[in-house]
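Descriptive analysis of the structure
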Amino acid sequence: MNVGILTGGGDCPGLNAVIRAIVKRGHQFGYEFTGIKDGWRGLLQSKTIKLTKQAVSGLLPMGGTILGTSRTNPLKDPKDAETLFKNIEALKLDAIIAIGGDDTLGVAAKLHAKGIKVVGVPKTIDNDLSGTDFTFGFDTAVSIVTWALDRLHSTTEAHQRVMVVEVMGRHAGWIAVYGGIAGGADVILIPEKPFDIDEVCAVIKKRKEEGKNFSLVVAAEGAYPKEAGGMITKDKTLDSFGHAKLGGVGEFLATEIEKRTALESRYVVLGHLQRGGTPTAYDRILATRYGIRAIELVNEGNFGRMVALQGNKIVDISLAEATAKLKTVDLEMYRIAHIFFG
Ligand code: F6P
């Protein structure tokens, strides 16, 4: 059995740990592995490397992905789709394990519907894939946000400022809510709940009246003011899955807050710091469990499935179900976060 492995979409701490687990477990079944470079794009270009047991040794703590990644949608153009099917045959891939978020796994679901033997592994720091409690990479991102908030707290308090911290989270505010709770944010803004800028300012002013001369506001990059009616984007360009480049809500908020409260305000964009570097122990273990289960599904001939975490069990759900809709923030968690606003 020759199993292709690819990593697609934004990179995420733990990708290499998944690759390592798949290859090490698959080796026990006597499988061979073809690493497909740069996500679905590598399959269009037949760009591959051999993944031996030796090649995956030492990968566990490494950030990024040894396979590279891209945001290429190979099904956008029918000519590409044709090339993709031809190359799967030419490379003699008996099965493919796709490690990715909703875009990468959306392609995997469509390929499965067309008879390709695919298994998916849920990856995204955003934690917005349905059917799984957590995606790997999320815990690492939350730890980095927490670390950043701890540091920003002291400088913000020393200068009696308002600090707006923009974190990742395109359509779902999981990182903002978990990072914000862990780091003691005074306001947390998420895409699921468009905000009223005057309400944000009222919280900050009340804190000041109560003797707190500083405030920390955490905003997911996809959070937006009610009156704007949509997300704040950097420019009009879209990637091949139709996503806009987000960014700017931190700067917008800091400017508006300073204007409306007369309190000196700054903003920090954590950006790709949240995605780079070594995974936390939690993510290494989750990634390892996902990798093992994914190759075991291949061995069982159970295709069209995505491995998932439900409670503390690794289960599998259909790729179609996992990619049908995004998993937005659990509003009970947001209610808990809200108790600490102000
Ligand atoms: O992978 C998800 C994500 O980290 C989003 O939170 C963010 O909007 C996007 O990727 C950024 O992507 P890029 O690295 O392509 O700018």
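Here, every reference points to the structure presented above.
Being a predicted model, the structure only gives us computed values, none of them experimental.

1. A word on the sheet that holds strand β5 (residues 118-122)
Taken in spatial order, the 7 strands of this open sheet run β3-β2-β1-β4-β5-β12-β13, and their pairing is mixed. Since the sheet does not close on itself, it has two edges, and those belong to β3 (48-50) and β13 (313-318), each with one partner. Neighbour-to-neighbour, the strand axes of the sheet open up by a mean angle of 30°, direction not taken into account. The pairing of strand β4 (residues 95-100) with β5 spans 5 bridges and is parallel. For I99, the partnering residue across the bridge sits in β5 and is V121.

2. Quick notes on helix α3 (residues 78-90)
Side chains three or four residues apart in an α-helix point the same way, a direct result of the helix having 3.6 residues per turn. Between the first and last C-alpha of α3 there are 18 Å, a value that for 13 residues agrees with the 18 Å anticipated at 1.5 Å per step. Considered for burial, the residues of α3 that qualify are A81, L84, N87 and I88. Considered in projection along α3, the buried side chains sweep an arc of 125° and stay on one side of the axis. When the buried face of α3 is taken as reference, the exposed residues oriented beyond 90 degrees from it are P78, K79, E82, K86, E89 and A90. If you check the start of α3, you find a side-chain oxygen 2.8 Å away from the backbone N of K79, and it comes from D77. Residue K92 follows α3 closely and has a positive phi angle near 55°.

3. Digging into the sheet that holds strand β11 (residues 265-269)
The 4 strands lie next to each other as β7-β8-β6-β11, forming an open sheet whose pairing is parallel. Both edges of this open sheet fall to β7 (187-189) and β11, since each of them pairs with a single strand only. In this sheet, adjacent strand axes meet at a mean angle of 20° when their direction is disregarded. Of the pairings in the sheet, the one linking β7 to strand β8 (residues 215-220) comprises 3 bridges and is parallel in character. Paired with L189 across the bridge in β8 is A219.

4. Brief notes about the nonpolar core
Within the largest apolar cluster, 62 residues are counted, with the highest numbers of intra-cluster contacts made by I97, I99 and F136. Built from parts of two domains, this core gets at least three residues from each of domain 1 (2-136 + 279-322) and domain 2 (138-276). Filtering out sequence-adjacent residues up to four positions away, I97 remains in contact with V3, G4, I5, L6, I22, V119, V121, A294, I295 and V298. Counting 24 residues, the second largest nonpolar core, distinct from the first, contains L91, A108, L111 and M306.

5. Overview of the environment of I96
As for its placement among the helices and strands, I96 is situated in strand β4. Accessibility expressed as a relative area gives 1% for I96, which makes it buried. In the structure, I96 is positioned 202 residues away from V298 in sequence and 8.7 Å away in space, judged by C-alpha atoms. In this structure I96 touches G4, L6, L43, I88, I116, K117, V118 and V119, once residues within four positions along its chain are discounted.

6. Things to note about the pairing of strand β6 (residues 162-167)
Taken across its 6 residues, β6 has 6 buried, putting it largely inside the fold. By the alternation rule, side chains of β6 split into V162, V164 and E166 and M163, V165 and V167, which are all buried. Judged from the 6 bridges that link them, β6 and β8 form a sheet pairing that is parallel. Across the sheet, M163 pairs through a bridge with L216, a residue of β8. Alignment of β6 against β11, held across 5 bridges, turns out to be parallel. Within the sheet, the bridge partner assigned to V162 lies in β11 and is S265.

Definitions and cut-offs
Residues numbered from 1 in each chain as written. Predicted model: local features only at pLDDT ≥ 70, side-chain atom pairs only at ≥ 80, totals over all residues. Heavy atoms only, no water. Pairing = 2+ DSSP bridges. Helix = DSSP H or I, 4+ residues; strand = E, 2+ residues; numbered from the N terminus. Axes fitted to C-alpha atoms, helices over the stretch in contact; angles between N-to-C directions. Expected span 1.5 Å × (residues − 1). Buried < 20%, exposed > 50% of the residue type's maximum accessible area, 1.4 Å probe, protein only. Arc of directions from axis to C-beta. Polar contact = N/O pair within 3.5 Å; in protein donor to acceptor, adjacent residues only side chain to side chain. Core = buried A, V, L, I, M, F, W, Y, C linked by side-chain atoms within 4.5 Å. Domains from an automatic or database assignment. Contact = heavy atoms within 4.5 Å.

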